[in-house]
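Breakdown of the fold
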Amino acid sequence: MSSGSALKVVCVLYDDPVTGIPASYARDGIPALSSYPDGQTLPSPSGIDFTPGQLLGSVSGGLGLEPFLTGRGHQYVVTSDKDGPDSVFERELVDADVVISQPFWPAYLTAERIAKASNLRLAITAGIGSDHVDLQAAIDRSITVAEVTWCNSISVAEHAVMQMLALVRDYIPQYGWVVRGGWNIADAVSRSYDIEGMDVGVVAAGRIGLAVLKRMKPFDVNLHYTDRHRLPAEVEAELGLTYHATVESLVSVCDVVSIHCPLHPETEDMFDDELIGRMKRGSYLVNTARGKICNRDAIVRALESGQLAGYAGDVWFPQPAPNDHPWRAMPGHAMTPHTSGTSLSAQARYAAGVREILECWLDGRPIREEYLIVQGGALAGAGAHSYSEGDATGGSEEAARFTAG
């Protein structure tokens, strides 16, 4: 893509804090990383127009892209209004050349929306996970889809470990007693256990899943994993991993299961009544991957029956979840509103990564192979490794039923 013509870039971000953009932050900055754990370099744009550690993922932050894009003569539209036929996104999409969206507040690019966007050539995920794009429609239209691999993998891994411990130790009800002024120790510990000695498994041991396994090893648990790409023998030996060829085998022996596979047609509704029924009674399920990997109503039934002792994660479907979504009120949950990958630390990395992708695309240079999901009418790069062709956006229109409180 030549930088000679003015383009329209539409960016969908979540709303600013209800109290407004912070006047100051809890910390003065974030650590500077030199590389990711596997040696991949961090995003390397020609420059940035933001302060790392500040709020970039909301509307006012704009991913720090406005000076860069408008300085090159391009139109930059930022909105949080993304759902429904009368939304700002729906109106602005019609003549957009580029769409940027985050997984946490996704602008669902369904086949119907793509059909209306005749100019659309590039869809960028500011983060990891491009299932909010109908990948089949993008393939059919030769739209490039790219995401910022590694940018928040460790962020999500940390969140998953936190939620495992919160479930097993039953942290949230204990905190509740303190807030309510109580000292009800027996109530607080009646569902609290040690994770030491438990069997902990991950579904998919890619960047995030492997990071979770590494972080759980010091807790003296028995570690298990399943993945269609088996890890090297030396990694299995170092971490003491037991490999399972199927997810059914893994869940039948684990006390805690953490999900880290991408969402595509093959993984949609993977955790249904049948698979959950194969799990140990009273086990815990953590899902920081994508909400649609778990059947919504099967999770509720399992918690109500006691088949699951707890469910946590921060991914829902659709997003934002409607106010009456049953996961908001089901027993034994420790859900968050898809915040795992959008810490202030992660925002600095994925904002820089989006700028790098834009610089490459605008200047006619190749986008990093590891950032590509779809290119040239086919799955490419990371997409060819992790996704399958097809669409997982069905039902996303329900996100329009959410009303901010």
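This report concerns the structure included in the present document. Worth saying up front: this structure is predicted, and the values here are computed from it rather than measured.

Evaluated as defined, the whole model comprises eight aromatic pairs. Their ring planes at 75 degrees and their centres at 6.1 Å tell us that Tyr108 and Phe317 sit as a pair that is edge-to-face. Within this pair, whereas Tyr108 is found in the loop between strand 3 (98-101) and helix 3 (111-116), its partner Phe317 is found in the loop between strand 11 (308-313) and strand 12 (333-335), the two being separated by 209 residues in sequence. The exposure class of Tyr108 is buried, given its relative accessible area of 5%. Taking the centre distance of 6.0 Å and the plane angle of 45 degrees together, the rings of Trp316 and Trp327 count as tilted.

Looking now at the pairing of strand 10 (residues 283-287). Of all five residues in strand 10, five are buried, a share of seventy percent or more. Going residue by residue along strand 10, you find Ser283, Leu285 and Asn287 tucked away on one face and Tyr284 and Val286 tucked away on the opposite face as well. Inspection of the sheet shows strand 9 (residues 256-259) paired to strand 10 by four bridges, in the parallel sense. When the bridges of strand 10 are listed, Ser258 appears paired with Val286. Note that strand 10 and strand 11 share five bridges and pair parallel. Its bridge partner being in strand 11, Val286 is matched across the sheet by Ala312. Chirality of the crossover, the property in question, places the unit of strand 10, helix 12 (residues 296-305) and strand 11 among those that are right-handed.

On the secondary structure map, Asp255 appears in the loop between helix 10 (247-253) and strand 9. Once you skip the residues sitting within four places of it in the chain, Asp255 turns out to touch Met198, Asp199, Lys280, Ser283 and Tyr284.

The subject of this paragraph is the sheet that holds strand 2 (residues 75-79). An order of 2-1-3-4-5-13-14 is seen for the seven strands of this open sheet, with the pairing classed as mixed. Taken across any chain shown, the strands that pair with only one partner, and hence form the sheet edges, are strand 2 and strand 14 (378-379). By the bridge criterion, four bridges tie strand 4 (residues 122-125) to strand 5 (residues 144-147) in an arrangement that is parallel. Considered in strand 5, the bridge of Thr125 is made with Glu147. Sitting on the sheet, helix 13 (residues 344-362) is in contact with strand 3, strand 4 and strand 5, with an inclination near 160 degrees to strand 4.

Criteria and thresholds
- Residues numbered from 1 in each chain as written.
- Predicted model: local features only at pLDDT ≥ 70, side-chain atom pairs only at ≥ 80, totals over all residues.
- Heavy atoms only, no water.
- Phe/Tyr/Trp six-rings, centres within 6.5 Å; stacked < 30°, edge-to-face > 60°.
- Helix = DSSP H or I, 4+ residues; strand = E, 2+ residues; numbered from the N terminus.
- Buried < 20%, exposed > 50% of the residue type's maximum accessible area, 1.4 Å probe, protein only.
- Pairing = 2+ DSSP bridges.
- Right-handed = clockwise from strand over helix to strand, strands pointing away.
- Contact = heavy atoms within 4.5 Å.
- Axes fitted to C-alpha atoms, helices over the stretch in contact; angles between N-to-C directions.

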